[in-house]
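The residues making up each chain are set out below.
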Amino acid sequence: MGRFLNKGNEKFERFSRSRYYVDKTELINRLLERDETEKFICNSRARRFGKSVTANMLVAYFSKGAASEALFKPLKCVKDRLFMENMNHYDTIFADIQAVFVEARRSKEDPNEYLDKCFVGELKAAYPEIVSDRDVLEKALGKIYQATGSQFVIIFDEWDYPIRELEPQHTERTDYVEFLRGLFKSSDASEYIRLAYLTGIMPIVRTKGQSAVNNFIEYTMTNPGDLAQSIGFVEAEVRALCERFSVDFEQMKEWYNGYDLNNTAIYNPLSVVRAISGRRFQQYWTVTGTYGDIDDLINENYDGLREDIIRMLSGNRVTINISDGRNDLQTFQSKNEVLTALIHLGYFAYDADTREIYVPNKEIQEVFYQYMENNRDDNLSRFMNLSEKVFNAVIEEDGECTARLIQSIHNDFISALEYNNENSLACTIMIALIAAFTHYHKPVREFPCGKGFADIVYLPLSDHLGNPVIVVELKWDRSAKAAISQIKEKQYPESLEQYWGEVLLVGINYDKKTKKHLCVIERHIKNGHA
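A brief look at the structure comes next. Residue numbers here run from 1 along each chain, matching the order of that chain's written sequence. Local features in this predicted model are restricted to residues whose pLDDT is 70 or higher, and side-chain atom pairs enter the listing and the counts only when it is 80 or higher, whereas totals over whole chains, interfaces and linings include all residues. Heavy atoms from the whole structure form the basis of all side-chain values; hydrogens and water molecules are not counted.

1. Side note on the packing of helix α20 (residues 399-413) against helix α21 (residues 422-432)
Moving on, step 1. Packing of α20 against α21 leaves a shortest axis separation of 10 Å and a crossing angle of 105°. What the angle tells us is that α20 and α21 run roughly perpendicular. Taking contact as the criterion, the partners of Ile406, Ile409 and His410 in α20 are, on α21, Thr428, Ile429, Ile431 and Ala432.
Moving on, step 2. Just so you know the grouping, Ala, Val, Leu, Ile, Met, Phe, Trp, Tyr, Cys and Pro go in nonpolar, Asp, Glu, Lys and Arg go in charged, and all remaining residues, Gly too, go in polar. Taken together, the residues of the contact of α20 with α21 sort by class into five nonpolar, two polar and no charged. Every axis corresponds to a line fitted to the C-alpha atoms, with the helix fit spanning only the stretch in contact, and the corresponding angles, defined between N-to-C directions, vary from 0 to 180 degrees. In this description a helix means any DSSP run of H or I spanning at least four residues, a strand means any run of E spanning at least two, and both kinds are numbered starting from the N terminus. For classification purposes, an angle smaller than 35 degrees is called roughly parallel, one larger than 145 roughly antiparallel, one from 65 to 115 roughly perpendicular, and anything else oblique. Contact between two residues is taken to exist if any of their heavy atoms lie within 4.5 Å; hydrogens are not considered.

2. Looking at the sheet that holds strand β4 (residues 193-200)
Moving on, step 1. The rule for pairing is simple: two strands pair if DSSP sees at least two bridges between them. Read across the sheet, five strands follow the order β2-β3-β4-β1-β5 without closing on themselves; strand pairing throughout is parallel. Sheet topology places β2 (91-96) and β5 (217-219) at the edges, where each strand pairs with a single neighbour. Across the sheet, the axes of successive neighbouring strands diverge by a mean angle of 10°, strand direction being ignored.
Moving on, step 2. Summarising the sheet, β2 and strand β3 (residues 152-157) pair through six bridges and their orientation is parallel. Looking across to β3, one finds that Asp91 is bridged to Phe152.
Moving on, step 3. Contacts from helix α6 (residues 97-106) reach β2 and β3 within the one sheet, and its direction differs from that of β2 by about 65°.
Moving on, step 4. Its contacts with the sheet place helix α10 (residues 171-184) against β1 (40-44), β3 and β4, and it is angled at close to 160° to β3.

3. So, empty space enclosed by the protein
Moving on, step 1. Cavities and pockets were defined on a 1 Å grid built over protein atoms only: a cavity is a set of grid points that admits a 1.4 Å probe from which the probe cannot escape, a pocket is an open set flanked by protein on both sides within 12 Å along at least five of seven lines, and lining residues are those with an atom within 4 Å of any such point. Grid points are joined across faces, edges and corners, and a volume is the space filled by probe spheres set on the points. A complete count under the given rule lists three cavities of 30 Å³ or more for this structure.
Moving on, step 2. What the largest cavity holds in volume is close to 70 Å³.
Moving on, step 3. Lining the largest cavity are 13 residues, with Gln365, Leu433, Ile434, Phe437 and Pro443 sitting closest to its centre.
Moving on, step 4. Along the lines of polarity and charge, the residues of the lining of the largest cavity split into nine nonpolar, three polar and one charged.

4. Describing the sheet that holds strand β9 (residues 318-319)
Moving on, step 1. Read across the sheet, three strands follow the order β9-β11-β10 without closing on themselves; strand pairing throughout is antiparallel. Looking at which strands have only one partner, the edges of the open sheet turn out to be β9 and β10 (349-351).
Moving on, step 2. Both β10 and strand β11 (residues 356-358) contribute to a ladder of three bridges, which runs antiparallel. If you follow Asp351 over to β11, its bridge partner there is Glu356.

5. Regarding the layout of surface pockets
Moving on, step 1. Taken as a whole, the largest pocket spans an internal volume of roughly 1,100 Å³.
Moving on, step 2. Residue lining of the largest pocket: 40 residues in total, with Glu254, Trp255, Lys362, His441 and Lys442 positioned closest to the centre.
Moving on, step 3. Partitioned by chemical class, the residues of the lining of the largest pocket number 17 nonpolar, twelve polar and eleven charged.

6. Some words on the packing of α6 against helix α7 (residues 111-126)
Helix-helix packing is characterised by the crossing angle of the two axes and by the distance between the axes.
Moving on, step 1. Where α6 meets α7, the axes come as close as 9 Å, and the angle between the chain directions of the two elements is 110°. Classified by the angle their axes make, α6 and α7 are roughly perpendicular. As for how α6 packs across α7, the hand of that crossing is right-handed. Of α7, the residues touching α6 (which contributes Ile97, Val100, Phe101, Glu103, Ala104 and Arg105) are Pro111, Asn112, Tyr114 and Leu115. Put simply, a crossing is left-handed when the front helix is turned counterclockwise from the back one by less than a right angle, and right-handed when it is turned clockwise.

7. Structural notes on the packing of aromatic side chains
Moving on, step 1. Aromatic rings from Phe, Tyr and Trp, taking only the six-membered ring of Trp, are treated as a pair when their centres fall within 6.5 Å; an angle between ring planes under 30 degrees marks them as stacked, one over 60 as edge-to-face, and anything in between as tilted. The tally for this structure, following the rule as stated, stands at 28 aromatic pairs.
Moving on, step 2. When the ring of Phe101 is compared with that of Tyr161, the centres are 6.1 Å apart and the planes differ by 75°; the resulting orientation is edge-to-face. Remark: Tyr161 occurs in helix α9 (residues 161-165) and Phe101 occurs in helix α6; sequence separation between them is 60 residues. We note that Phe101, like Tyr161, is buried.
Moving on, step 3. Between Trp285 and Tyr347, the ring centres sit 5.3 Å apart and the planes meet at 45°, which makes this aromatic pair tilted. Remark: Tyr347 occurs in the loop between α17 (335-344) and β10 and Trp285 occurs in the loop between α14 (269-278) and α15 (292-298); sequence separation between them is 62 residues.
Moving on, step 4. Burial classes: relative accessible area under 20% of the type maximum marks a residue as buried, over 50% as exposed, and values in between as partly exposed (1.4 Å probe, protein chains only). For Tyr347, a relative accessible area of 2% gives the class buried.
Moving on, step 5. By way of ring pairs, the aromatic residues Phe4, Phe40, Phe101, Phe119, Phe156, Tyr161, Tyr176, Phe179, Phe184 and Phe216 are connected into one cluster.
Moving on, step 6. Only lysine NZ and arginine CZ atoms are considered, and such an atom sits over a ring when it is within 6 Å of the ring centre and within 35 degrees of the ring normal. Above the ring of Phe249, the side-chain terminus of Arg239 is found at 4.1 Å from the ring centroid.
Moving on, step 7. Taking NZ or CZ as reference, Arg317 lies 4.0 Å from the ring centre of Tyr358, over its face.

8. Here we look at the nonpolar core
Moving on, step 1. With 130 residues, the main nonpolar core has Phe72, Met252, Phe348 and Phe368 as its most contacted residues.
Moving on, step 2. In terms of residue count, the dominant contributor to this core is helix α19 (residues 378-395) (eight residues).
Moving on, step 3. Contacts of Met252, omitting those with residues within four sequence positions, involve Val238, Cys242, Val247, Asn257, Tyr267, Val272, Ala275, Ile276 and Phe281.
Moving on, step 4. By nonpolar core is meant a set of buried Ala, Val, Leu, Ile, Met, Phe, Trp, Tyr and Cys residues that side-chain atoms within 4.5 Å join together. With 41 residues, the next largest nonpolar core counts Ala104, Ile163, Tyr176 and Val213 among its residues.

See below:
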């Protein structure tokens, strides 16, 4: 067993013994069932979603000399004839491209030459009579196949590192593209490759500079296809872990759920596991990367980008055209390109049915909240300051101040949001109350209670149950008092008796003639007790 060739199964074996291990081995069956035209796979996901674990699983299964039958025997994969015939049957080349590039630079070597040298060196050791030191990788693979008839499995983790991190004209990047082209697009590639499996973060962009991988079938955060469940935890798996370790599933769901991949709810495995092991719900995944991930992308503020982020943080969604996406992090030219990149990086989720982007969960909401609170941009700091004042005014039952501050937020920060109906008014109110997020769950639109549906309801977090429930009723060109009357008539407060604390009734109206917000706030004492 070598460092790059036939690494064996030790790494996956150690991981599969973890008390938090979730079995994803059915992916192997899906890959084996693919025909000759479907053996080039690029499966991209956000950082720390389990891509590397999956890659190590494939190495353990395919690598010659690994003897993995006992390892896979208790796992979910279907041990049919096809599965058993292919197990440990192929010379398997594995590399973490990012790690190799970093290592080569540390040794002051050209990364692409270093890659080729490492691979060919191990192939020469395994096939000394066939491979020579003068061969490049694709030539060595072709010669071995012609002499022995043996095909190869090639697995690259972080395959897109040079493309997403380096400028388009950077020599290391252009040389890497040529390396990929020679390996996967040579005339012999379809013969010597049994499976090529690439994992990374950003999608493949079909441009001339990336024709080296345009024969790959692509699976991404926006289009995961039938591999949606292969990387990341699905809800049933998270629920089972919570039951096994006596962890509150509903809190887990609020903190880490929200990614919709092909109508499947996907959780970030790192955050789930650390929340279980640490018995605490907080940011985990978002602190494993650099804060600059979002800082550099957002600061350009293309086409009102910050305004859209403010909308999403409030619980609203934004329509997006993901076809404008790129897969490097340097050459953005539009808001859609930046937002699409943030989807693939895991900071936003995407609903393919509605073509909308949104903040998936509380963990992501917190990192953006902190970004806005601490950002050097005066406008963002001023917005957060105003939102805090709106929240405090509501809690203090100061309707006049609340209305004035909402007016200021609409005029100064979201003036592009045109008022046409109660829905647009609701969007504004949710934006104005972003600061409530530190004390409350994400606002619920059309909350079923009493004899109808409240327009917006804020329910306090479990560690803030002393806070009042906030029920917001909106009126369009009528009166704020009418909104309060409706809340009482439809018995919204009584239906919220299950929550601790009091209930604040907030009626808000927008007058089309005066173009002003009006607000009335009353406190409902539950069960008649103060």
